Amino acid sequence: MSDLAANREIDRSRMAVSENVAIQITNMNKWYGAFHVLRDINLTIYEGERIVVCGPSGSGKSTLIRCINRLEEHQAGSIVVDGIELTNDLKNIDKVRSEVGMVFQHFNLFPHLTILENCTLAPIWVRKVPKKEAEETAMHFLEKVKIPEQANKYPGQLSGGQQQRVAIARSLCMKPKIMLFDEPTSALDPEMIKEVLDTMIELAQEGMTMICVTHEMGFARQVANRVIFMDQGQIVEQNEPEAFFLNPQSDRTKLFLSQILGH
Amino acid sequence: MADLTFVRHEMVPEQAPPATSVGPRGWLRENLFSSPLNAILTLLSLGLIWWVLSHALPWIVLSSWTASSLGECREQIAAAHGEGTTGACWAVIRERYLQLLFGFYPSDLYWRPLLAFGLALLALAPVLFTALPRRLLWLSAAAPFVVPWLLWGGSVWVPVCVALGFGLGLAALRVVSAAAGGLAGVIAAGVVPVLWWLFLAWVAAGLLQAILPFGITPVESRAFGGFMLSITIGLVAITLSLPIGIVLALGRQSNLLIIKAICVGFIEFIRGVPLITLLFVASLLLNYFMPPGTNFDIILRVIIMVTLFASAYMAEVIRGGLAALPRGQYEAADALGLDYWKAQRLIVMPQALKISIPGIVSTFIGVFKDTTLVSIIGLLDPLGFSNSIRANAEWNGVVWELYGFIAALFFVFCFSMSRYSMYLERKLRTENR
Ligand SMILES: Nc1ncnc2c1ncn2[C@@H]1O[C@H](COP(=O)(O)OP(=O)(O)OP(=O)(O)O)[C@@H](O)[C@H]1O
Ligand SMILES: [Mg+2]
């Protein structure tokens, strides 16, 4: 696994974890048909936390974070995001979704819109921000992810790393309180992984609450304040990164770490 | 062992390509004679083209334009080009082209359908070509009321009152949803205009006409015919089938079981029944179900049937486009907090429709050509008219000339649609690349 983030100085002055709960997941269970994919998940995430979720393929990592913005529905237990409980109430779901940004493995930019339009669409139509203001915000965040000059191109004209940074900027334009990342770098070439990780590190330094499914262990060591290890739909172990990597408790974790760090 | 090292000391200068690969000779070689088999096929095709043209061209050119019957035609051609020459009898077109275009529409009112279709084209232009000024869209909104008025004539207050129904619906939506919530507003927006159209609109139009009479000569549906009829039916069916098709395709994907069942049932039923059957239902059966004395215009009935037929096909074409859209697009729209309708309008439909353009235009072309089926229920579209022309003693036996003329006119329309679709595809492709 790449250690691209390892040699970077991290400014921790604003990376404080607050006392306020951002996400509260209690006894949550989810099934796909008869398949019990998430089992008795209990998780409290505080504002300002940077959480890395890892685990073998098929362990339910994606499903877990997709439950947080209700891309997937859970069948038992409760999920409360920013004080709003996720139920079948569409109003609540839309409210949560506009507070929670999400970045996908395959970017999922809208190919028929320009980069700028990708970034202004949701603020204009969901937050009702005037077009001009939305464009200013979009340019601000595009500058932040270091591609303002691409604003008028279409997604198909950008490299994978650039597309993923646009996807991050697009989420940030909604001024979310929480950001979810589902393997944001695993569809990218090594040199592009670095540019995306740099963007994410910057975001972390500003105190954003982040939940990140990734196998970038360098990123986890440097940025995360907590690493969660999942297997077979359960949270098997969670700890501070240092302790997690140097002194894993469960056998499953040891096996997993030996596999991904071993070569 | 051989020596594997190599160093180039002199660079090869740039040279002109061999004559066999450029210029006309190169083109011929590459496209027509690239292999013995291709050469044989080229020669065979040239022979075929020559054979067709050598028969068709003399027939087209050695023709008569002035005769008043088929017999006279033959005499004129024989006199001019020698005994035994066969030539086209274009005189039938010269004599009857106005009827083939307008049917029995009063000849002093020909300007009305012409103006109406000109208006319809102008109204479609801003929809078809996004570069045109957006102000033209007002024309697009007015056209659905002005065009039928020009075609059928009558009091100007009828289209005004019909249009007023939409205004009332909008007002109801505003007022009721402010007073009693969104769902009540939507229901009111549906119910109020329908009540207005069913009961009050005609009374209001009559009253207004009595107070302030203004109208143009009414023309009965029976007088409609020829190409005008095909275009009227085709244009309405084409413009309405797209939105209805979109709604049906979305309904078919809906999570709501009843809506889904209705849409699937409708689509499968209509697609499972020949259009002719639907047209017979429109022309014969519906009369039995109507209260006696009501006069439900035959052209309107046919238009409704053709539109429903086209919509079912359109729905399936659009469903194909929807299916081709990656799930990630829906998820990204959801994750940004866009609700269902906004996601459909802003993300899903623009992409799905773009994917389906070739299928949509094929359906359009099919519908336009299918309008000729109305001749079977006795409407005088170009085909119906050509039958009645050939039933005349003077023109009995004229076949190629009439059908050739009709085919040429249909070709012009269908080919333009096809070209437009290619223009649109090219434009959207460059936009996104
Ligand atoms: N829509 C679905 N229907 C049925 N089963 C599903 C569905 N989506 C995922 N699964 C199953 O649920 C399990 C967990 O999937 P999930 O995508 O959450 O895994 P993951 O931990 O993200 O794996 P990866 O590292 O490969 O992305 C897998 O066994 C998968 O096959
Ligand atoms: Mg996954």
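Residues numbered from 1 in each chain as written. Chains lettered and ligands numbered in written order. Predicted model: local features only at pLDDT ≥ 70, side-chain atom pairs only at ≥ 80, totals over all residues. Heavy atoms only, no water.

Check the Sequence similarities (unreviewed entry) section of the UniProt entry for chain B; it says "Belongs to the binding-protein-dependent transport system permease family. HisMQ subfamily." (UniProt positions renumbered as here; feature names shortened; annotations may be inferred.)

Per its UniProt entry, chain A bears the Sequence similarities (unreviewed entry) comment "Belongs to the ABC transporter superfamily."

Colleague: So what's going on with the environment of E135 of chain A? Which residues, and what values?
Modeller: All names here are of chain A. Considering the arrangement of structural elements, one finds E135 in helix α4 (residues 131-144). As for E135 and S159, which are separated by 24 residues in sequence, their C-alpha atoms are 22 Å apart. Ignoring sequence-local partners within four residues, the contact set of E135 consists of L116 and T120. (Helix = DSSP H or I, 4+ residues; strand = E, 2+ residues; numbered from the N terminus. Contact = heavy atoms within 4.5 Å.)

Colleague: A description of helix α5 (residues 111-128) of chain B should follow, citing residues and the corresponding values.
Modeller: Residue and element names in this part refer to chain B. For α5, built from 18 residues, the straight-helix expectation of 26 Å at 1.5 Å per residue is met to within 8% by its first-to-last C-alpha distance of 25 Å. What α5 keeps buried is the set R112, P113, A116, F117, L119, A120, A123, A125 and P126. Looking at the buried side of α5, the elements it contacts are α4 (91-102), α6 (137-152), β2 (215-216) and α9 (226-252). (Expected span 1.5 Å × (residues − 1). Buried < 20%, exposed > 50% of the residue type's maximum accessible area, 1.4 Å probe, protein only.)

Colleague: Please provide a residue-by-residue account of the sheet that holds strand β7 (residues 178-182) of chain A, values included.
Modeller: Residues and elements named next belong to chain A. The 6 strands are arranged β6-β7-β8-β3-β9-β10 in an open sheet whose pairing can be described as mixed. The open sheet terminates on both sides in strands that have one partner only, identified here as β6 (100-103) and β10 (234-239). Taken pair by pair, the neighbouring strands of this sheet meet at an average axis angle of 20°, ignoring direction. (Pairing = 2+ DSSP bridges. Axes fitted to C-alpha atoms, helices over the stretch in contact; angles between N-to-C directions.)

Colleague: Before we move on, could you go through the state of the cysteines and cite the residues and values that matter?
Modeller: One way to say it: the disulfide is the covalent bond shared by the sulfur atoms of two cysteines. Residues and elements named next belong to chain B. This structure, assessed with the given rule, holds 1 disulfide over all chains. Disulfide pairing places C73 opposite C89 at an S-S distance of 1.9 Å. Handedness here is read from the sign of the S-S torsion; for C73 and C89, about 80°, the answer is right-handed. Of this pair, C73 sits in helix α3 (residues 70-81) while C89 sits in the loop between α3 and α4, and the two are 16 residues apart along the sequence. (Disulfide = S-S within 2.5 Å.)

Colleague: Talk me through the nonpolar core; I want residue IDs and the actual numbers.
Modeller: Membership of the largest hydrophobic core comes to 76 residues, with the highest contact counts inside it found for Y105, F224, L279, V302 and L322 of chain B. Looking at which element gives the most residues to this core, the answer is helix α12 (residues 298-324) of chain B, with 12 residues. When residues of this core are assigned to domains, at least three fall in each of domain 1 (97-105 + 222-428) and domain 2 (154-216) of chain B. Those residues in contact with F224 of chain B that sit more than four places away from it in its chain are Y105, L151, W152, V219, L229 and I299 of chain B. Counting residues in hydrophobic clusters, the runner-up holds 49 residues, among them M15, V166, A167 and V227 of chain A. (Core = buried A, V, L, I, M, F, W, Y, C linked by side-chain atoms within 4.5 Å. Domains from an automatic or database assignment.)

Colleague: If you had to explain the pairing of strand β9 (residues 226-231) of chain A to someone new, which residues and values would you point to?
Modeller: Residue and element names in this part refer to chain A. Burial analysis of β9 places 6 of its 6 residues in the buried class, the great majority of the element. What you see with β9 is no split at all: R226, I228 and M230 on one side and V227, F229 and D231 on the other are buried throughout. Taken together, the 4 bridges between strand β3 (residues 50-54) and β9 define a ladder with parallel strand orientation. Across the sheet, the residue bridging to C54 is F229, located in β9. What sits between β9 and β10 in their antiparallel hairpin is a turn of 2 residues, with Q232 showing a positive phi close to 50°.

Colleague: Would you mind going over the pattern of salt bridges in detail, with residue names and values included?
Modeller: Opposite charge on two side chains allows them to pair when their charged atoms are near. Within the structure shown, the criterion is met by 23 salt bridges over all chains. We note a salt bridge from K131 of chain A to E135 of chain A, for which the minimum N-O separation is 3.7 Å. Of the two residues, K131 of chain A and E135 of chain A are both situated in helix α4; the distance of 4 residues between them amounts to about one turn of the helix. K131 of chain A sits in the exposed class, given a relative accessible area of 56%. On the basis of relative accessibility, which here comes to 27%, the residue E135 of chain A falls in the partly exposed class. Between R327 of chain B and E331 of chain B there is a salt bridge, and its shortest N-O distance comes to 3.0 Å. Note that R327 of chain B and E331 of chain B are positioned in helix α13 (residues 327-335) at a spacing of 4 residues, about one turn of the helix. Each of R252, E268, R271, E316 and R319 of chain B takes part in a single network of salt bridges with overlapping partners. (Salt bridge = Lys/Arg side-chain N within 4 Å of Asp/Glu carboxyl O.)

Colleague: Just give me the short version of the interface of chain A and chain B, but keep the residues and values in it.
Modeller: The interface is formed by 24 residues belonging to chain A together with 21 residues belonging to chain B. Carbon and sulfur atoms supply 60% of the area that chain A and chain B bury against each other, a total of about 2000 Å² over both sides. For D334 of chain B, the salt bridge is made with R97 of chain A, and the minimal N-O distance between the two is 4.0 Å. Our enumeration of links across chain A and chain B arrives at 6 residue pairs in polar contact (both at pLDDT 80 or more). Among the secondary structure elements, those contributing two or more residues to the side of chain A that touches chain B are α2 (90-99), β6 and α3 (115-125) of chain A. Among the elements that take part in the side of chain A that touches chain B, α3 of chain A stands out by supplying 3 residues, more than any other. (Buried area = accessible area lost by both parts, 1.4 Å probe. Polar contact = N/O pair within 3.5 Å; in protein donor to acceptor, adjacent residues only side chain to side chain.)

Colleague: Let's hear about the domain arrangement of chain B: which residues, and what values?
Modeller: Here chain B is described as being made up of domain 1 (97-105 + 222-428) and domain 2 (154-216). One C-alpha centre belongs to domain 1 of chain B, the other to domain 2 of chain B, and the line joining them spans 28 Å.

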